[in-house]
Amino acid sequence: MNSDLEALADFLKECKWVSIFSHVNPDGDAIGSSCALAKALEKIGARADIYNASPIPHAYYFLPKAREIKLYTGTEELAPVIIVLDSANLKRTELDKYPAALAGRVIAEIDHHLGNEYFGKYNYVEARAIANCENVYRVLEEMGAEIDEETATALYLGISTDSGSFRFDAVTAETHR
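Each chain carries its own residue numbering, running from 1 in the direction its sequence is written. A pLDDT threshold of at least 70 governs which residues receive local features in this predicted model, and a stricter bar of 80 or more applies before side-chain atom pairs are shown or counted, although totals over entire chains, interfaces and linings include all residues. Heavy atoms from the whole structure form the basis of all side-chain values; hydrogens and water molecules are not counted.

**Q** Before we go on, may I ask you to explain the environment of Gly45 in this structure?
**A** Numbering goes from the N terminus for both helices and strands, where a helix is a DSSP run of H or I of at least four residues and a strand is a run of E of at least two. Following the sequence through the fold, Gly45 ends up in the loop between helix 2 (28-43) and strand 2 (47-52). As a C-alpha pair, Gly45 and Lys16 span 29 residues in sequence and 7.0 Å in three-dimensional space.

This is the structure in C-alpha cells:
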C-alpha cells in the first residue's frame, strides 16, 4: 500500500505551493521533518507554509523555519497541496476537524508509524525508520534536493530525539547514514 518513493519525489519537485502539517503537540521529529522539508522545497522554488494545531515549544526555535510555523485555526488559506508529516492519520493533525479546508486539495504524507491509515494520494510510509526525518531524508535524496547545513540540522534533530539520542534498540546502521 506504500506509494512509490519516486512518484512522490517527482510530484514534490513540481509543486509550487505547499502547506505542511505534523501532529499536535509536536516533538523534535515532527518539527525537524517540517522544517527540513520546507527548507528543501523553498530551495527549488516552492512556497512552503508550515502549520500546526499546537504552539511550537520555544526549545526548537533555534531551527531555521521553526519560528515561522503558524498556528492553524481552520481559517487560513491552504495551498493546493497539503503534506502531512509524522502522523499516522489526519486526526493526529486535527485536520479532520476541517473537511472543507481539505476539499479539492492533494494530500501527500511521509510517515514512520505502524498502523498508518494511508490517507493521502501519495503515501510514503516506512515503519522501519526510527524517525520520520529518516523518511524525509530519503524523499529529499530521491528528489536530488540540496541538503545544506540547516536542513541537515533539522533532520538530525528529529533522528536524535526519536531515537533517544541513538540509544534505542531500533537504531540501525541506516540511521547513521
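More follows now that the structure is in view.
**Q** So what exactly am I meant to see when it comes to the packing of helix 1 (residues 5-14) against helix 4 (residues 132-143) here?
**A** Packed helix pairs are specified by the crossing angle of their axes together with the interaxial distance, meaning the distance between the axes. Running from N to C, helix 1 and helix 4 cross one another at 70°; their axes reach a closest spacing of 9 Å. If you check the angle between helix 1 and helix 4, you find them roughly perpendicular. By crossing handedness, the relation of helix 1 to helix 4 is classed as right-handed. Between helix 1 and helix 4, the contacting residues are Leu5, Glu6, Leu8, Ala9, Leu12 and Lys13 on the first element and Arg138, Val139, Glu142 and Met143 on the second. Gly falls in the polar group here, along with every residue not listed as nonpolar (Ala, Val, Leu, Ile, Met, Phe, Trp, Tyr, Cys, Pro) or charged (Asp, Glu, Lys, Arg). For the contact of helix 1 with helix 4, the residue count by class is six nonpolar, no polar and four charged. Geometry is summarised by axes, namely lines fitted to C-alpha atoms with helices restricted to the contacting stretch, and by angles between N-to-C directions that run from 0 to 180 degrees. Orientation is classified from the angle alone, with under 35 degrees giving roughly parallel, over 145 giving roughly antiparallel, 65 to 115 giving roughly perpendicular, and any other angle giving oblique. Note on convention: the crossing is left-handed when the near helix lies turned anticlockwise from the far helix by less than a right angle, right-handed when the turn is clockwise. The contact definition used throughout considers only heavy atoms, calling two residues in contact when any of these lie within 4.5 Å.

**Q** Would you mind going over the side chain of Glu126 with me for this structure?
**A** Tracing the backbone through its elements, the reader meets Glu126 in the loop between strand 6 (122-125) and helix 4. Residue contacts for Glu126: discarding those within four places in its chain leaves Asp111, His112, Asn135 and Arg138.

**Q** Hey, could you run me through unusual backbone geometry in this one?
**A** With glycine set apart, most residues show a phi of negative sign, and most peptide bonds adopt trans. Here Lys65, not a glycine, exhibits a phi torsion of approximately 85°, which is positive. Mapped onto the elements of the fold, Lys65 is located in the loop between strand 2 and strand 3 (70-71). Of note in the backbone geometry, Tyr118 takes a positive phi value of approximately 45° without being a glycine. Position of Tyr118 relative to the elements: it lies in the loop between strand 5 (106-111) and strand 6. Three exposure classes are used, based on accessible area relative to the maximum for each residue type with a 1.4 Å probe and protein chains only: buried under 20%, partly exposed in between, and exposed over 50%. Look at Tyr118 and you get partly exposed, because its relative accessible area is 25%.

**Q** Looking at this model, I keep getting lost on the nonpolar core. Mind explaining?
**A** Across soluble globular proteins, nonpolar side chains have a tendency to be buried as a group. Ranked by internal contacts, the top residues of the largest apolar core, which has 42 residues, are Leu12, Ile20, Leu37 and Ile83. Those residues within four positions of Ile20 in sequence are excluded, and the remaining contacts are Ser34, Leu37, Ala38, Ala48, Asp49, Ile50, Tyr51, Ile83 and Leu85. Counting residues in each nonpolar core, the second largest holds twelve residues, with Phe21, Tyr72, Ala101 and Phe119 among its members. Only buried residues count toward a nonpolar core, which is a set of Ala, Val, Leu, Ile, Met, Phe, Trp, Tyr and Cys residues joined through side-chain atoms within 4.5 Å.

**Q** Which parts of the structure should I look at to understand helix 1?
**A** Count 3.6 residues to each turn of an α-helix, and residues three or four apart come out pointing the same way. For helix 1, the full list of buried residues reads Leu5, Leu8, Ala9, Phe11 and Leu12. Looking down the long axis of helix 1, one finds its buried residues gathered within 160° of arc, a one-sided arrangement. Tucked inside the fold, the buried residues of helix 1 contact helix 2, strand 4 (81-85), strand 5, strand 6 and helix 4. This arc describes the spread of directions from the helix axis toward the C-beta atoms.

**Q** What am I meant to see in the packing of helix 2 against helix 4 here?
**A** Where helix 2 contacts helix 4, the axes come no closer than 9 Å and their chain directions differ by 15°. One element, helix 2, and the other, helix 4, form an angle in the roughly parallel class. Judged by the twist between their axes, the crossing of helix 2 over helix 4 is right-handed. On helix 4, the residues that touch Asp29, Gly32, Ser33, Ala36, Leu37, Ala40 and Leu41 of helix 2 are Asn132, Cys133, Val136, Leu140 and Met143. Classifying every residue of the contact of helix 2 with helix 4 gives eight nonpolar, three polar and one charged.

Shape descriptors only; they carry no functional weight alone.
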